[in-house]
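Understanding the architecture of this molecule
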Amino acid sequence: MNEIGELLRTTREESGISLEEASGDLKIKTIILENIEEGNIGSFKDIFALKENIKNYAKYLGLEETKIIDNFNEYLFEYTSKIPLDDIEKAMNEQEHEDVPKEIVSPYTTSVKPGPSKLVVVLIALGVILLVLIAFWSIRQVTINNMTSNIINYANSMGE
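Residues numbered from 1 in each chain as written. Predicted model: local features only at pLDDT ≥ 70, side-chain atom pairs only at ≥ 80, totals over all residues. Heavy atoms only, no water.

Attention now moves to a negative patch on the surface. Together, Glu64, Asp70, Glu74 and Glu78 give the surface a local cluster of negative charge. With respect to the element layout, Glu74 can be found in helix H5 (residues 65-81). For Glu74, a relative accessible area of 49% gives the class partly exposed. (Patch = residues over 30% accessible without salt bridge, like charges linked within 9 Å, V, L, I, M, F, W, Y side chains within 5 Å. Areas by Shrake-Rupley, 256 points an atom, 1.4 Å probe, with all protein chains shown as cover. Salt bridge = Lys/Arg side-chain N within 4 Å of Asp/Glu carboxyl O. Lys, Arg positive; Asp, Glu negative; His and termini not counted. Charge placed at Lys NZ, Arg CZ, Asp CG, Glu CD. Helix = DSSP H or I, 4+ residues; strand = E, 2+ residues; numbered from the N terminus. Buried < 20%, exposed > 50% of the residue type's maximum accessible area, 1.4 Å probe, protein only.)

Written as structure tokens, this is what we have:
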């Protein structure tokens, strides 16, 4: 990654383009371009966005972007293949014991957030049913054989 970053930096400097100018033209933050040039892969959460930024930056500088991306892919393969198998197995075991959805997500992007739990849905449904029953009961109380309204009419007629 350092070699790719150094190639991008020297090409930019030889072209007389400032980092801010490249940032403005590419609509990529200056800090992102700085991290790419310095080879700071750890400062990127999304490896696919990083790859796209490297491709656009190389194309902008007039470099052969497919060759740069091939070099980046080789670097990534070497970088990820150096992770010890024990660490991979440990991470897999930890994931199995967690209550995490079994959906496929990239380790370089954010995970999928689960929806509302079943308990929340049941409680909301019970609340709605309770409100409907209360409304029905109160309407029924007012209209049972017009008894309530007759009593009110009788009380009003007594007061006259």
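Having seen the model, we can carry on.
Our next topic: the pattern of salt bridges. What the rule picks out here adds up to four salt bridges. One salt bridge in this structure joins Arg9 and Glu37, with 3.7 Å as the shortest N-O distance. Of this pair, Arg9 sits in helix H1 (residues 2-15) while Glu37 sits in helix H3 (residues 30-38), placing them 28 residues apart in sequence. Note that Glu13 and Arg12 form a salt bridge whose closest N and O atoms lie 3.9 Å from each other. Judged by its relative accessible area of 46%, Glu13 is partly exposed. The class of Arg12 is buried, set by a relative accessible area of 7%. Each member of the salt-bridge network shares a partner with another, and the members are Glu6, Arg9, Arg12, Glu13 and Glu37.

On to the side chain of Thr11, then. Here Thr11 lies in helix H1. Only 2.7 Å separates the side chain of Thr11 from the backbone oxygen of Leu7, close enough to count as a polar contact. Residues contacting Thr11, with those up to four places away along its chain left out, are Leu61 and Leu63. (Polar contact = N/O pair within 3.5 Å; in protein donor to acceptor, adjacent residues only side chain to side chain. Contact = heavy atoms within 4.5 Å.)

In short, geometric facts, not functional conclusions.
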